[in-house]
Amino acid sequence: MVIGHFLTLRSLTQFIARLRAAYAATTAATPAPTRRRKSPSGGRGLGAALDRSRLVAIALFVATVAAIVVVSFVGVTNRTLPVLPNQLASVRIVAALPFEYESKVKTEQARLRVAERVPPVYRIDPEPLRRFEQHLGELTASLAPYAGLEPALRASFLAENATLHNARGPYGVSPEDLALLAGRDSPRVLDIGIGILRAIHSQGITNPADLGGERATGRIKLFQVLRPDGAVATRPVDTLEDALTYLRVNLAAEEPDRARAAAMYRIFQYGVVSNLAFDEEATRSRKADAMANLRPVRVTVERGQSIIEPDTRVTPEQFEMLEAHRRALAEAALPLEEATRLAGRILLVLAMLAASLIYIRLEDPETLQSNSRLALLALVTLANLALVRGTYSLGSLDFFLENSAAASLLPYISPVLIAPLFVALLINAGSAIFMALFLSIFTSVIWGGRLDLLVLEFLAALVAIQGVNQTRKRNRILRASLHAGVTLAAGVVLLGFAERLPPLAVLKQMFAGLGAALACGVLVVGLLPFLENLFKRTTDITLLELTDYNHPLLRLMQLEAPGTYHHSLVVAQLAENAAAAIGANPLLARVCALFHDIGKTTKPHYFTENQMTGENPHDDANPSLSALIIKAHVKDGVDLAVRHKLPRPVIDVIQQHHGTTLIRYFYQRALQALRRKPEADAPLPPLLGVSSAPAAPAAGAPRPQQPQLPEQTYRYDGPRPRFKESAIIHLADGIEAAARCLPKVTPQHLDEIIDQIVRDRLQDGQLDESPLTFAELNKIKDSFQHTLVSMLHGRVAYPAAKT
């Protein structure tokens, strides 16, 4: 029974094996449908379609033209030259048509003249007379005990009271004169004196010296005096001398005794003080009424009349006339003239952009085929022009309108270096030079066609571009900006010497240009990473930072996959030398080669270079499963690169460094396993009434085909290499691995294996999408051979030491 069961199981196994063989033959005869692969590198994605779309390029071109016209010409036309008050005019401007305008400047000047002609308003201040009467009353009260004193004590009493009275104010009464007020008729004396003082104060007393007038006798002029009812009366006012004379005459008329009259004068003269006070509020009100009644001044300008003369300071009246002229031209302009003017501006911009496109087509056609690069050029150009226009608009601020020295600095702080620096770092130096010329021309147009400014800015930009050419350190950007600022400052000195400008003004312009250049460098350093990420561009600065062997991914490779790490170092050296040989980017090739196999860190023991113990997990695995694991290191590498934010070219090389090559080792193993099936030829046991004898083939029928294995399962998913550095790494990766398998490394053996691998990749179509030429391939092979001979050279065997 056991033997029967064994035979039945063996027959079932043979039957299943025959079915598998038949299925394999059918599969080989009918090719499996190829799965459409999505290219992560952007070849068929939406981003790549937009990047290559001509419609997008046309829309970008139209938007750029419109934006440049708006930024560079709106508000800055041929009739709105950048002339500021107090600045030195460089051109002569005449009226293109007769016009009339209301001059605010002249009206204000007339208002000031009217205000100056309005006489000041005064009011009579009662405080001086009231204070004198109070002090005189206190003196009289203190003299009341005088009549009851002994004659010997009266003199000291009068002297004491005189001293006290004189201390209360600017008085100088003598004790002898006080005896007059101490007598019995003192009330009469007080009434006479106070009455005369009140009459004098009611008329008004003034001191010409206090009012700024000349000292004179008699009434000097008429005064505007504010009456108690609020009305203003024009009347004469006595001077101090007139008032004192009036006091002396009236006291003499009231007192026949000349000695008593003189004593009364000496007492009451101190009550004659200026009581005419300036009334600021009333004066301001009178001036406001006078200016309100003034009609605005209107100015008539004839056609051809000069508005501004060259080499003269622009006065506020001239600047106002120029503004009125601009408004008159704008109001008188016909739609056809405006359309013609706009068409001229658009043609100018189109001509400049057409020249730019021709230059790019000749020097850098790759940029012309990439909308992302064109968008980068458009963005930095428009942003830079907007900053220049913003600097120009600062001249309309009150501070710059009132300060011509500060306004003269504005052209030199225009940030023209920003776009050329960005283009030189992100694209190439040639495009940056044309960008510098483009911006210098439009900056000159914005600032009124200043040829000197065009030359200075373009020269400074050239120095900056030269300074950042092939730079690999961020501080080089600041150094290049400093050199550009020094160049601009030197040009300002020469220009100032030629125009005989004041040394202080030249010094300020020098520091303005130097500071603006340094500010541009700082701005470029800060925004460069943002633009790199936005437009998927990678500078040599970023690449050099990635060559740090302490990078997390490289450290991970050193720890988890040391064999792969060593392999990457060798491939990096091969790729760098080969890229330098054909004029590609050696630094880009080195960085991409360092990271091209980071996906192997996920399952490092499945790769031969990391199998230190000699155990190979593929020995017991299905070949298709092994091929799947091997292929997975590409996807794992892309995931790691994206997670660590590696640049786009590095990710592209990780995807492309194997192309769609065949994993030949496991493919051959699968074929051998497919051929080694002895059960496939054994007769099937009777099963379900079916005979086990094989049916004889019909006469003339074709013999059954040998089982074939589809290659799709054992090929990498690609894409194939699409740029020079990627193709170099693709070849270097295979050649380095093959070179290590040579039993003996000689130049001849290396030449043979390099030629064989390059020939196989060409025949397999792996280099069909790369821009390499056959001449460059020959240089690459020579570079590989030279580098490998240098790295894998043998050494002399030292004899063992004799014991």
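Look a little higher up for the structure.
Keep in mind the model is a prediction, meaning the values are calculated, not measured. (Residues numbered from 1 in each chain as written. Predicted model: local features only at pLDDT ≥ 70, side-chain atom pairs only at ≥ 80, totals over all residues. Heavy atoms only, no water.)

Chemist: Summarise the overall build of the chain; cite the residues concerned and give the values.
Modeler: From N to C terminus, the chain includes 32 helices and ten strands. Counting all 803 residues of the chain, 42% fall into the buried class. Excluding contacts between residues fewer than 6 apart, the proportion of contacts in the chain whose partners are at least 24 apart in sequence is 78%. Of the roughly 43700 Å² of accessible surface on the chain, a fraction of 59% belongs to carbon and sulfur atoms. (Helix = DSSP H or I, 4+ residues; strand = E, 2+ residues; numbered from the N terminus. Buried < 20%, exposed > 50% of the residue type's maximum accessible area, 1.4 Å probe, protein only. Contact = heavy atoms within 4.5 Å. Areas by Shrake-Rupley, 256 points an atom, 1.4 Å probe, with all protein chains shown as cover.)

Chemist: I'd like a rundown of the packing of helix 4 (residues 104-117) against helix 11 (residues 280-292), residues and numbers included.
Modeler: Where helix 4 meets helix 11, the closest approach of the two axes is 9 Å, and the angle between their N-to-C directions is 135 degrees. Judged by the angle between their axes, helix 4 and helix 11 are oblique. By crossing handedness, the relation of helix 4 to helix 11 is classed as right-handed. Taking contact as the criterion, the partners of Arg111, Val114 and Ala115 in helix 4 are, on helix 11, Lys287, Ala290 and Met291. The class makeup of the residues in the contact of helix 4 with helix 11 is four nonpolar, no polar and two charged. (Axes fitted to C-alpha atoms, helices over the stretch in contact; angles between N-to-C directions. Parallel < 35°, antiparallel > 145°, perpendicular 65-115°, else oblique. Left-handed = near helix turned anticlockwise from the far one by under 90°. Nonpolar A, V, L, I, M, F, W, Y, C, P; charged D, E, K, R; others polar.)

Chemist: Describe the pairing of strand 5 (residues 222-226), with residues and values.
Modeler: Across three bridges, strand 3 (residues 121-124) lies against strand 5 in parallel orientation. If you follow valine 121 over to strand 5, its bridge partner there is glutamine 224. For strand 5 and strand 6 (residues 232-236), the ladder comprises five bridges, and the chain directions are antiparallel. Note on strand 6: the bridge partner recorded for phenylalanine 223 is arginine 235. Joining the antiparallel neighbours strand 5 and strand 6 is a turn of five residues, in which glycine 230 adopts a positive phi near 95 degrees. (Pairing = 2+ DSSP bridges.)

Chemist: Quick one: what's the story with a nonpolar patch on the surface, residue by residue and with numbers?
Modeler: The grouping of Ile58, Phe61, Val62, Leu342, Ile346, Leu347, Leu350 and Leu357 at the surface amounts to a nonpolar patch, some 640 Å² of accessible area in total. Among the secondary structure elements, those contributing two or more residues to the nonpolar patch are helix 3 (54-73) and helix 13 (335-363). Mapped onto the fold, leucine 342 is located in helix 13. (Patch = residues over 30% accessible without salt bridge, like charges linked within 9 Å, V, L, I, M, F, W, Y side chains within 5 Å. Salt bridge = Lys/Arg side-chain N within 4 Å of Asp/Glu carboxyl O.)

Chemist: Quick one: what's the story with the nonpolar core, residue by residue and with numbers?
Modeler: Across soluble globular proteins, nonpolar side chains show a tendency to be buried alongside one another. Counting 62 residues, the largest nonpolar core has Val349, Val380, Leu417 and Phe442 as its most contacted members. Among the elements that take part in this core, helix 18 (residues 418-426) stands out by supplying eight residues, more than any other. Excluding residues within four positions of it along the chain, leucine 417 makes contact with Asn384, Ala460, Ala461, Ala464, Ala484, Ala517 and Cys520. The next biggest cluster of nonpolar side chains, apart from the first, holds 54 residues, and it includes Met557, Tyr565, Val570 and Leu588. (Core = buried A, V, L, I, M, F, W, Y, C linked by side-chain atoms within 4.5 Å.)

Just distances and angles here, no functional claims.
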